[in-house]
Amino acid sequence: MNNKEGNNKRGGSRPNSSRPNSNKPKPPMAKRAQGPKKVKPAVKAAEEEAAQKLKKQNQAPKRQKAADEIRLNKYISNSGVCSRRDADIYIQSGNVKVNGVPVTEMGYLVKLNDVINFDGVVLTPEKKEYILLNKPKNFTTALDEGQEYRNVLELVRGSTTAKIAPIGRMDKNTTGLLLFTNDTDMIRKFTLPSQKSSKIYQVSLDKNLKFEDLEKISKGLVLDGHRVFVEEISYIEKEAKSEVGLKLRSSNVKVVRAIFESFDYDVLRIDRVSFAGLTKKNLPRGNWRFLTDQEIINLKNV
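What comes next is a walk through the structure. Bear in mind that the values here come from a model prediction, so they are computed numbers and not experimental data.

A word on the overall build of the protein. The number of helices and strands found in the protein is eight helices and 19 strands. By residue count, 33% of the 302 residues in the protein fall in the buried class. In the protein, the share of contacts with a sequence separation of at least 24, taken over all contacts with a separation of at least 6, comes to 65%. With the model as given, the accessible surface of the protein reaches about 21,200 Å², and the carbon-plus-sulfur share is 49%.

Now the structure itself:
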C-alpha cells in the first residue's frame, strides 16, 4: 500500500499533530450556582400577613382619643409657640411636661385642663386668632357707654370661639381698620407707647386746614406733656383742604383728635385706612376677615 492510500484512510493520525486524542474522557462540567428559590406572590403575601398579625399581638392596644383630648404637639402648636413638627422635637428632647411629669412619647394625648409646661413656660391651649374689621360708625370698643351704642364685638360674633379683644380703642364716630386677637403679647405690643408700627388716618375737619398749621403739625407737637411724632401729614388729592391724611405710630385715636383740636379745628370724622401695613383692600365697611399667615408673621416682625 502506497503512502497516498495510507493518508486517505479515515481515522488516520497525524504524526506531528499536538491535538489531544478525542478518545480521552472529558472532565465533568462544574454545576452552575443557583440563587434562592423565588417565592410565589401568594406565599409571600401570606407570610407578610402572618408577620403583621404577630406584630399587632405583641403591641399594646392603641387608646381611643376622647372628645376632650388633643395631641400634645397640636396643643403646643395651638398655643402659638411653634409648629407641630418643632413641637415633636421639643417633646423628644424632654423639654415638655404634662402636669409636672416630662413626656417624650409621640402622639401623647392631653386634656384641655392639663397643665402643659413648654421649655419652662406654662401654655394656654387656645389657638391664636387674628381678625381684621372695617369698623362702621355707631359702634364702640368701650363697654360702659350704655345701650345707645353697640359694641364692636357684635360685628365679629361667630367668627371664632376664642376670647378675642380689639387692639386699641375706637369711639362711635371713628371708622376703619380694627384688629381683634386673643394674642395678649400682640395686644401689649401694639398698645405700648414705644411701639414702631405706622397707622394712617383720613381726617375730616370742620374747615380747611391752613398750610402753616399743616407745617407745624408735621414737625411734631407736645400734648399733655408727651411728645407726639408725626411721620407724615398732607392734604388728600382731589379733595377739599378739610380732608387730611395723617401718618403716625400711635394706635390711640384720641391722639389724632387732640392734634387738630389743639389748633382749634373740630374733627368730624376719623377713618383708619392702614394699620401696621394692613389695608382696607377688598374689605367693605362692616365686614371682617382672618389675617393670612404672612400678615401675622409681618405683624410679629414689626
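A cluster of like positive charges, contributed by Lys65, Arg71, Lys74, Arg84 and Lys127, occupies part of the molecular surface. As for its placement among the helices and strands, Arg71 is situated in strand S1 (residues 69–71).

This part takes up the packing of aromatic side chains. What the rule picks out here adds up to three aromatic pairs. Measuring from ring centre to ring centre gives 5.3 Å for Trp288 and Phe290, while their planes differ by 85°; the resulting arrangement is edge-to-face. In this structure Phe290 comes out as partly exposed when scored by relative accessible area, which is 37%. The side chain of Lys199 reaches across the aromatic face of Phe275, ending 5.2 Å from its centre. Positioned over the ring face of Tyr265 is Lys207, at 5.3 Å from the centre of the ring.

Inspection of helix H6 (residues 211–218) places Asp213, Leu214 and Ile217 among the buried residues, and these make up the whole buried set. What you see down the axis of H6 is that its buried residues fit within an arc of 105°, all on one side. Looking one or two places after H6, you find Gly220, whose phi comes out positive at around 90°.

Burial analysis of strand S7 (residues 130–135) places six of its six residues in the buried class, the great majority of the element. Where burial is concerned, the two faces of S7 agree: the one with Tyr130, Leu132 and Asn134 and the one with Ile131, Leu133 and Lys135 are both buried. Across six bridges, the pairing between S7 and strand S11 (residues 174–181) is antiparallel. Of the residues in S11, the one forming a bridge with Asn134 is Leu177. Bridge count between S7 and strand S19 (residues 288–290): three bridges; the pairing is antiparallel. Bridged to Leu132 within S19 is Arg289.

Rolled over the atoms, a probe with the dimensions of a water molecule shows which regions are left empty. Here the largest pocket is characterised by a volume of approximately 610 Å³. Lining the largest pocket are 21 residues; nearest its centre among them are Pro193, Val228, Ser250, Asn252 and Val255. Only helix H5 (184–191), strand S14 (226–228) and helix H7 (253–261) provide two or more residues apiece to the lining of the largest pocket. Classifying every residue of the lining of the largest pocket gives nine nonpolar, seven polar and five charged. Mapped onto the domain boundaries, the lining of the largest pocket takes at least three residues apiece from domain 2 (130–192 + 284–301) and domain 3 (199–275).

A separate point is a negative patch on the surface. Taken together, the side chains of Asp206, Glu261, Asp264 and Asp266 define an acidic patch exposed on the protein surface. Its location among the elements puts Asp266 in the loop between H7 and strand S17 (267–275).

Moving on: the pattern of salt bridges. Counted by the stated rule, this structure contains seven salt bridges. Residues Asp185 and Arg188 are paired through a salt bridge, measuring 3.0 Å at the closest nitrogen-oxygen approach. Taken together, the residues span about one helical turn, with Asp185 and Arg188 both in helix H5 at a distance of three residues. You can call Asp185 exposed: its relative accessible area is 52%. Judged by relative accessible area, which is 46%, Arg188 ranks as partly exposed.

Conventions and cut-offs
Residues numbered from 1 in each chain as written. Predicted model: local features only at pLDDT ≥ 70, side-chain atom pairs only at ≥ 80, totals over all residues. Heavy atoms only, no water. Helix = DSSP H or I, 4+ residues; strand = E, 2+ residues; numbered from the N terminus. Buried < 20%, exposed > 50% of the residue type's maximum accessible area, 1.4 Å probe, protein only. Contact = heavy atoms within 4.5 Å. Areas by Shrake-Rupley, 256 points an atom, 1.4 Å probe, with all protein chains shown as cover. Patch = residues over 30% accessible without salt bridge, like charges linked within 9 Å, V, L, I, M, F, W, Y side chains within 5 Å. Salt bridge = Lys/Arg side-chain N within 4 Å of Asp/Glu carboxyl O. Lys, Arg positive; Asp, Glu negative; His and termini not counted. Charge placed at Lys NZ, Arg CZ, Asp CG, Glu CD. Phe/Tyr/Trp six-rings, centres within 6.5 Å; stacked < 30°, edge-to-face > 60°. Lys NZ or Arg CZ within 6 Å of the ring centre and 35° of its normal. Arc of directions from axis to C-beta. Pairing = 2+ DSSP bridges. 1 Å grid on protein atoms, 1.4 Å probe; cavity = no way out; pocket = protein on both sides within 12 Å on 5 of 7 lines; lining within 4 Å. Points joined across faces, edges and corners; volume = space filled by probe spheres on them. Nonpolar A, V, L, I, M, F, W, Y, C, P; charged D, E, K, R; others polar. Domains from an automatic or database assignment.

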